[in-house]
Amino acid sequence: MTEVHIAIRDKTYRGQSSGPTLRDLRLELASGEFVCLVGPSGCGKTTLLNILAGLDRDYSGEIRIGAAGTVPRIGYVFQNPRLLPWRTVRENIALALPAGTDPAHVDHLFEVVGLTEARDVYPERLSLGMSRRAALVRAFAVNPDLLLMDEPFVSLDPPTARRVRELVIALWRERPHTVLFVTHDLREAVELADRLVFLAAGPARVVGEVRVDLAREGRDEGAVEAFRRGLYEAYPGIRALL
């Protein structure tokens with residue numbers, strides 16, 4: 001499993017007159033830890049994920065993922081499923097697979113998320129919930145050391161979103177790895193995370209952390225809601241960070 005060290009001194013987009021997006025942002029992720037990053041819309045959460053994924057290298061600071069000299073596998077689940085419409089679901093996922101990936105592993109993931117019968121259809125025939133499940137298969141199929149998830153369940157109705165969150169936890173528990181999950185939904189964060197990390201806007205920086213001390217087997221809706229209410233009571237300023 002993979003530890004992550006983040007120390008970003010500054011990230012400012014070229015021509016940005018409003019100042020830096022990220023400034024003095026420091027964060028450590030333990031191996032196998034599921035961390036939810038919570039912050040207001042537009043505060044720089046997606047920017048941070050893009051930096052971790054290597055998609056944005058125009059920043060000052062240090063990112064260290066895993067041991068020195070290793071090349072970690074990174075899975076990324078975007079806000080939009082990003083499935084190529086001219087390829088089947090199976091073909092979309094094959095594009096992301098490392099050489100030598102066991103087809104049985106991918107078939108198992110299809111089975112877990114309930115897409116076995118949809119492997120050979122085109123994305124236009126998928127509902128939004130099915131498309132998001134296909135995106136999960138693509139990310140988990142690479143056997144990531146670090147999994148980045150950027151509000152992957154936005155626009156789903158509550159029952160579907162809850163079911164997909166349960167799938168994420170089931171897949172993660174099969175092969176634990178380090179996860180950084182971005183959301184502005186505190187209930188979702190409590191349901192998923194080992195630890196909550198709160199970002200403030202303008203520029204984004206870590207302003208608080210909370211350990212979610214709920215047993216995985218006991219995170220029903222009542223327990224999650226009670227924990228969420230307790231956070232609001234203990235930290236009234238949290239509402240300004242959502």
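Look a little higher up for the structure.
Below or above, wherever it landed, is the structure these notes cover. Quick caveat: nothing in here was measured; it's all calculated off a predicted structure.

### Concerning the overall build of the protein
Piece 1. From N to C terminus, the protein includes seven helices and nine strands.
Piece 2. On C-alpha atoms alone, the protein measures out to a radius of gyration of 18 Å, which is about the 18 Å that the 2.2 N^0.38 rule sets for 242 residues.
Piece 3. Here the C-alpha coordinates of the protein stretch approximately 45 × 45 × 35 Å along the principal axes.
Piece 4. Taken over 242 residues, the protein has a buried fraction of 49%.
Piece 5. Pairs at least 24 apart in sequence give 71% of the contacts found in the protein among residues at least 6 apart.

### Some details on the sheet that holds strand β5 (residues 74-77)
Piece 1. One open sheet accounts for six strands, arranged β5-β6-β7-β3-β8-β9; its pairing is mixed. Edge positions in the open sheet fall to β5 and β9 (205-211), since each of these has one partner strand only. For this sheet, the mean angle separating the axes of adjacent strands, direction not counted, is 20°.
Piece 2. Examined bridge by bridge, strand β3 (residues 34-38) and strand β7 (residues 178-183) share five bridges and lie parallel to one another. From the neighbouring strand, Val38 faces β7, where its bridge partner is Thr183.
Piece 3. The sheet contacts of helix α4 (residues 128-141) involve β5 and β6 (146-150), and relative to β5 the element is tilted by about 170°.

### Some details on α4
Piece 1. The terminal C-alpha atoms of α4, which comprises 14 residues, lie 20 Å apart, in line with the 20 Å expected from a rise of 1.5 Å per residue.
Piece 2. Among the 14 residues of α4, twelve are classified as buried, and the element is accordingly described as predominantly covered.
Piece 3. For α4, the complete set of buried residues consists of Gly129, Ser131, Arg132, Arg133, Ala134, Ala135, Leu136, Val137, Arg138, Ala139, Phe140 and Ala141.

### Focus on the packing of aromatic side chains
Piece 1. In the structure shown here, the tally under the stated rule is four aromatic pairs.
Piece 2. Look at Tyr76 and Phe78: their rings are 4.0 Å apart centre to centre, the planes differ by 15°, and that puts the pair in the stacked class.
Piece 3. One aromatic cluster in this structure is built from Phe34, Phe153, Trp172 and Phe181.
Piece 4. Stacked on the ring of Tyr13, the Lys or Arg Lys11 has its end atom at 4.2 Å from the ring centre.
Piece 5. If you follow Arg82 out to its NZ or CZ, it ends over the ring of Phe78, 3.9 Å from the centre.

### Brief notes about the sheet that holds strand β4 (residues 60-65)
Piece 1. Read across the open sheet, the three strands follow the order β2-β1-β4; overall the sheet is antiparallel. One side of each edge strand has no neighbouring strand; the edge strands of this open sheet are β2 (22-29) and β4. Strand-to-strand twist across the sheet, computed as the mean angle between neighbouring axes with direction ignored, equals 10°.
Piece 2. Relative to β2, strand β1 (residues 4-11) runs antiparallel, the two being bridged by seven bridges.

### Section: the packing of helix α3 (residues 103-113) against α4
Piece 1. In contact at an axis separation of 10 Å, α3 and α4 are set at 145° when each is read in the N-to-C sense. In this structure, α3 crosses over α4, and the sense of that crossing is right-handed. For the pair formed by α3 and α4, the contact residues are His105, Val106, Leu109, Phe110 and Val113 on the first element and Arg133, Val137, Phe140 and Ala141 on the second.
Piece 2. The class makeup of the residues in the contact of α3 with α4 is seven nonpolar, one polar and one charged.

### Examining the pattern of salt bridges
Piece 1. Under the counting rule described, the total for this entry stands at 20 salt bridges.
Piece 2. Here Arg119 makes a salt bridge to Asp107, at a shortest N to O gap of 3.0 Å. Taken as a pair, Arg119 in the loop between α3 and α4 and Asp107 in helix α3 lie far apart in primary sequence, twelve residues in all.
Piece 3. Classification of Asp107 as partly exposed rests on a relative accessible area of 31%.
Piece 4. Across the pair Arg162 and Glu191 runs a salt bridge, and its minimum N-O distance is 3.1 Å.

### Looking at the pairing of β1
Piece 1. In terms of residue burial, β1 counts as a mostly covered element, since six of its eight residues are buried.
Piece 2. Summarising the sheet, β1 and β4 pair through six bridges and their orientation is antiparallel. Note on β4: the bridge partner recorded for Ala7 is Glu62.

### As for the packing of α3 against helix α5 (residues 158-174)
Piece 1. Axis separation between α3 and α5 bottoms out at 10 Å; the angle between their running directions is 145°. In this structure, α3 meets α5 at a crossing whose hand is right-handed. Along its contact with α3, which presents His108, Leu109, Val112 and Val113, the element α5 presents Arg163, Leu167, Leu171 and Glu174.
Piece 2. Residue composition of the contact of α3 with α5, by class: five nonpolar, one polar and two charged.

What counts and how
- Residues numbered from 1 in each chain as written.
- Predicted model: local features only at pLDDT ≥ 70, side-chain atom pairs only at ≥ 80, totals over all residues.
- Heavy atoms only, no water.
- Helix = DSSP H or I, 4+ residues; strand = E, 2+ residues; numbered from the N terminus.
- Rg over C-alpha atoms; globule rule 2.2 N^0.38 Å.
- Buried < 20%, exposed > 50% of the residue type's maximum accessible area, 1.4 Å probe, protein only.
- Contact = heavy atoms within 4.5 Å.
- Pairing = 2+ DSSP bridges.
- Axes fitted to C-alpha atoms, helices over the stretch in contact; angles between N-to-C directions.
- Expected span 1.5 Å × (residues − 1).
- Phe/Tyr/Trp six-rings, centres within 6.5 Å; stacked < 30°, edge-to-face > 60°.
- Lys NZ or Arg CZ within 6 Å of the ring centre and 35° of its normal.
- Left-handed = near helix turned anticlockwise from the far one by under 90°.
- Nonpolar A, V, L, I, M, F, W, Y, C, P; charged D, E, K, R; others polar.
- Salt bridge = Lys/Arg side-chain N within 4 Å of Asp/Glu carboxyl O.

These figures come from the coordinates and say nothing about function on their own.
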